[in-house]
Amino acid sequence: MAGVCRVRATARAGSVKPGRLPLARGPLRCHPHRTWHLIARPVQAHNTVICLDPPPMAGIQDSDELRAAVFAFLDELQREHGPYLTRGQINSFAFDGQPLSLMVQNGIRTPSRWPDPLSITSTNRSEDAGGYTDEDRGEGLRLYRYMRERSTAAPALNRSLDHAAISGRPLVYFIEVGERRYEPVYPVFITGTEHHGVIVSDEPASGEYAELVDLRRYARREARVRLHQREFRSRVLFAYSDRCCICSLRHRGLLDAAHIVDDAHEQGVALVSNGLAMCRIHHGAYDQPLLGISPDLKVEINGEVLGEIDGPMLRHGLQDMHGRSIDVPRRPTDQPDRDRLAWKYGRFKGLSA
Ligand SMILES: [Zn+2]
C-alpha cells in the first residue's frame with residue numbers, strides 16, 4: 001500500500017517562497033518521513049504538497065492490526081483499573097515485543113515517521129494556565145485545538161492531524177479528568193481541519209474504517225454518549241468519585257453528569273463547577289424539578305411529593321432524601337458553583353410554589 005505523506009513546500013533548490021508551491025516536480029523535504037522524495041503527484045493544499053511515495057521502513061509500523069491492538073489493550077486496562085488511567089499505565093503498551101507509548105501529556109502523539117497520529121489528549125487546564133479550549137460543534141463533533149485562538153504565532157498546521165483527516169484512520173482521544181488521570185475514548189476520527197484545530201468525531205467520515213473497526217464492539221459499553229457530552233461527563237464523574245451526590249449510588253452505568261444550569265442556557269457551561277454527578281432517578285427529579293438543592297447544599301423534595309404515599313422507591317429514593325446534604329468534591333474548583341445552584345434553586349421554589 002502506498003503511503004501518503006505531506007511535504008513542506010520548500011524545494012531543495014530554494015526557489016519556492018512561502019505560500020507559493022512548486023509547479024515543477026523535483027525533490028522535496030518530507031517532514032514526517034525525514035527524507036527527500038521525488039514527488040510523483042504533487043497536490044496543492046495549505047502551503048503543502050501531498051506526495052504518494054511510500055514511506056521508508058523503520059521501527060514499529062502503523063497498521064490496522066496495531067490500532068486494533070491498542071484498543072484491545074485499553075479495554076483490558078480499564079477492566080483491570082477502572083475508567084481513569086494514569087499515563088504510566090497507558091504508556092505500558094507494547095506490540096510485537098516493542099514498547100510504544102500511546103500518549104503525550106497535553107498533545108498529539110504521532111510516533112516517529114508515522115503519517116497519522118495515534119492519539120490526541122485534551123487537557124483540562126484553562127487557557128490562562130497554558131491549556132487550549134476545545135469547543136463543541138454539536139452532532140457529536142468536537143473542535144480539538146492545538147493552538148490558542150489569540151496566539152500571534154503563525155498557525156503551525158499539524159501535518160499528522162491534517163493527514164488523519166484525509167486517511168480517516170481511527171485514533172484515541174484521551175480526556176484529562178484531573179489529578180493526572182485520563183479516560184480514553186476510542187475510536188474517534190478526524191473529520192475536518194480548521195485554522196487552529198481539527199474536528200474530532202466519534203463516527204468516521206467515510207465508510208472505509210467503519211468496516212475495519214468494529215464500532216459496535218468499541219464504543220458501546222455504556223449507553224452511547226456523544227463526544228461533546230462525554231468530556232463533561234468524564235470530568236464530573238471523576239470529581240465525584242463515581243457516586244450520586246444525593247444518594248451515594250456507585251453504579252457508573254446508572255450515573256449522569258447533570259448540568260446545574262442547563263447547557264441550552266448561556267450560563268450552562270460544561271465546567272465541573274456547573275455539574276453534579278447524579279443517578280438517573282435524582283437527575284430526572286432535579287430537572288423536573290421535583291427535587292431542589294439549596295445554595296447551602298441541602299436537598300429539598302417538592303411538598304406534594306413529600307405528601308404522597310407510594311412504594312419503596314418514592315419513600316427511600318425521594319422522600320428520605322429531604323434535608324440531606326449533598327456530597328461534593330474535595331477540590332474547591334470542582335465544587336458546585338453557589339450562584340448557579342441559587343439560580344436553579346430559585347426555579348425549583350418558583351415551580352413548586
Ligand atoms: Zn441518587
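Everything quoted here is computed from the prediction, not taken from an experiment. (Residues numbered from 1 in each chain as written. Predicted model: local features only at pLDDT ≥ 70, side-chain atom pairs only at ≥ 80, totals over all residues.)

Colleague: Teacher, can you tell me more about helix α3 (residues 159-167) here?
Modeller: It helps to recall that an α-helix has 3.6 residues per turn; residues three or four apart then point in one direction. Residues of α3 that are buried: Arg159, Ser160, Leu161, His163 and Ala164. One or two residues past the end of α3 sits Gly168, with phi positive at roughly 75 degrees. (Buried ≥ 20, exposed ≤ 12 C-beta atoms within 10 Å, placed from the backbone. Helix = DSSP H or I, 4+ residues; strand = E, 2+ residues; numbered from the N terminus.)

Colleague: Looking at this model, I keep getting lost on the confidence of the model for the protein chain. Mind explaining?
Modeller: Detailed conclusions should not be drawn from predicted coordinates in areas where pLDDT is low. Looking at the protein chain as a whole, its pLDDT mean stands at 74, while 64% of the residues score no less than 70. Scored below 50 in pLDDT, residues 1-25 makes 57 contacts in the model with residues more than four places away or belonging to other chains. Below pLDDT 50 for its whole length, residues 147-157 participates in ten contacts with residues either more than four positions away or in separate chains. (pLDDT = per-residue confidence, 0-100. Contact = placed C-beta atoms within 7 Å.)

Colleague: Even after reading the chapter, I still don't get unusual backbone geometry, so can you show me in this structure?
Modeller: What you tend to see is this: most non-glycine residues have negative phi, and most peptide bonds are trans. The omega torsion of the bond from Tyr186 to Pro187 falls at -10 degrees, within 30 degrees of zero and hence cis. Cis rather than trans, the peptide bond between Gln288 and Pro289 has omega equal to -5 degrees. Of note, Arg113 is a non-glycine position whose phi angle comes to about 70 degrees, a positive value. Among the structural elements, Arg113 can be located in the loop between β8 (108-109) and β9 (119-122). Here Ser241, not a glycine, exhibits a phi torsion of approximately 50 degrees, which is positive. Within the secondary structure layout, Ser241 lies in the loop between α6 (227-239) and β15 (255-259). For Ser241, a count of 12 C-beta atoms within 10 Å puts it in the exposed group.

Colleague: Would you mind going over the environment of His163 with me for this structure?
Modeller: Relative to the helices and strands, His163 is located in helix α3. Since 23 C-beta atoms lie within 10 Å of it, His163 is described here as buried. C-alpha of His163 to C-alpha of Pro117: the two residues are 46 residues apart in sequence and 8.5 Å apart in space.

Colleague: Just to check I follow, could you spell out the pairing of strand β16 (residues 275-279) for this structure?
Modeller: Regular strands place their side chains on alternate faces of the sheet. The element β16 is extensively covered by neighbouring structure, given that five of its five residues are classed as buried. Neither face of β16 is exposed, since Gly275, Ala277 and Cys279 on one face and Leu276 and Met278 on the opposite face are all buried. Here β15 runs beside β16; their pairing, made up of five bridges, is antiparallel. Bridge pairing in β16 links His259 to Gly275. (Pairing = 2+ DSSP bridges.)

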